[in-house]
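# A closer look at the structure
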Amino acid sequence: MKALLLGLIFLLELALLAAAGLCWGFTLDAGWPVRLLAGLGAPLVIAVVWGVFCSPRATVALPAPAKLGVQAACFLSGGVLLALAGHPLPGAALVLLWAVDKAVLIRSGNPI
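Residues numbered from 1 in each chain as written. Predicted model: local features only at pLDDT ≥ 70, side-chain atom pairs only at ≥ 80, totals over all residues. Heavy atoms only, no water.

## Focus: helix α2 (residues 32–53)
One full turn of an α-helix is made of 3.6 residues, so residues set three or four places apart face in the same direction. In plain terms, the rule: Strands here are runs of E lasting at least two residues and helices are runs of H or I lasting at least four, both read from the DSSP assignment and numbered beginning at the N terminus. Multiply 1.5 Å by the residue count of a helix minus one, and that product is the helix's expected span. Throughout, exposure labels follow a simple rule: accessible area from a 1.4 Å probe, protein chains only, divided by the maximum for the residue type, with under 20% read as buried, over 50% as exposed, and the rest as partly exposed. Throughout, a contact is declared for two residues whenever any of their heavy atoms are within 4.5 Å.
Its 22 residues place the ends of α2 32 Å apart at the C-alpha level, agreeing with the 32 Å of an ideal helix rising 1.5 Å per residue. Along α2, the residues that are buried comprise Ala38, Gly39, Ala42, Pro43, Ile46 and Trp50. In the core, the buried residues of α2 are packed alongside α1 (2–24) and α3 (64–84).

Here's what the structure looks like:
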């Protein structure tokens, strides 16, 4: 069960990056340079924040509550970007699935 939940978290992280780049950045009603910058920049910013603060090999070790807060902020950002791109239900589903999966993992004793 734990492996399934961890696999789902990984897939949700990939969906988060896709939401930021493909669903929001590249679909902006703006010129090509702005869409390119947003489509590549938004997932890059999220990936860097995740890598620095949330990954298992994070360069900045945060206490568990702060790490959970950064993770929640990343997923909330992805949900908002999906909603801004005209996909509010998938945005809400992304955040809700992450929250439920993370809560079950934490409840089962998995470290944040």
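## As for the nonpolar core
Counted only if it meets this: As used here, the term nonpolar core means buried Ala, Val, Leu, Ile, Met, Phe, Trp, Tyr and Cys residues forming a set that is joined through side-chain atoms within 4.5 Å.
Grouped together as the largest cluster of nonpolar side chains are 18 residues, with contacts concentrated most on Leu16, Cys74, Phe75 and Leu94. Listed by contribution, the elements that provide at least two residues to this core are α1, α2, α3 and α4 (88–107). The greatest single-element share of this core, amounting to six residues, is contributed by α1. Discounting residues that sit within four places of it in the chain, Leu94 has contacts with Leu12, Ala15, Leu16, Phe75, Gly78, Gly79 and Leu82.

## As for the layout of surface pockets
For the record, the criterion: Only protein atoms enter the calculation, which uses a 1 Å grid: trapped sets of points that fit a 1.4 Å probe without letting it out are cavities, open sets showing protein on both sides within 12 Å along at least five of seven lines are pockets, and any residue with an atom within 4 Å of a point is a lining residue. Grid points are joined across faces, edges and corners, and a volume is the space filled by probe spheres set on the points. Asp, Glu, Lys and Arg are counted as charged, while Ala, Val, Leu, Ile, Met, Phe, Trp, Tyr, Cys and Pro are counted as nonpolar; the rest, among them Gly, fall into the polar class.
In this structure, the largest pocket occupies an estimated 280 Å³ of space. Lining the largest pocket we find 16 residues, and of these Glu13, Cys54, Pro56, Lys102 and Ile112 sit closest to its centre. The element that contributes the greatest number of residues to the lining of the largest pocket is α1, accounting for four residues. Looking at the lining of the largest pocket residue by residue, the class counts come to ten nonpolar, three polar and three charged.

## Focus on the packing of α3 against α4
Counted only if it meets this: Angles run from 0 to 180 degrees between N-to-C directions of axes, and those axes are lines fitted to C-alpha atoms, restricted for helices to the stretch in contact. Each angle is binned into one of four classes, with values under 35 degrees roughly parallel, values over 145 roughly antiparallel, values of 65 to 115 roughly perpendicular, and all other values oblique. In this scheme the crossing of two helices becomes right-handed for a clockwise turn of the near helix relative to the far one and left-handed for an anticlockwise turn of less than a right angle.
One way to put it is that α3 packs onto α4 with a least axis distance of 6 Å and a crossing angle of 160°. Classed by the angle they form, the pair α3 and α4 counts as roughly antiparallel. Where α3 crosses over α4, the two elements pack in a sense that is right-handed. Residue-level inspection shows Leu68, Gln71, Ala72, Phe75, Leu76, Gly78, Gly79, Leu82 and Ala83 of α3 in contact with α4, the latter providing Pro88, Pro90, Gly91, Leu94, Val95, Trp98, Lys102 and Ile106.

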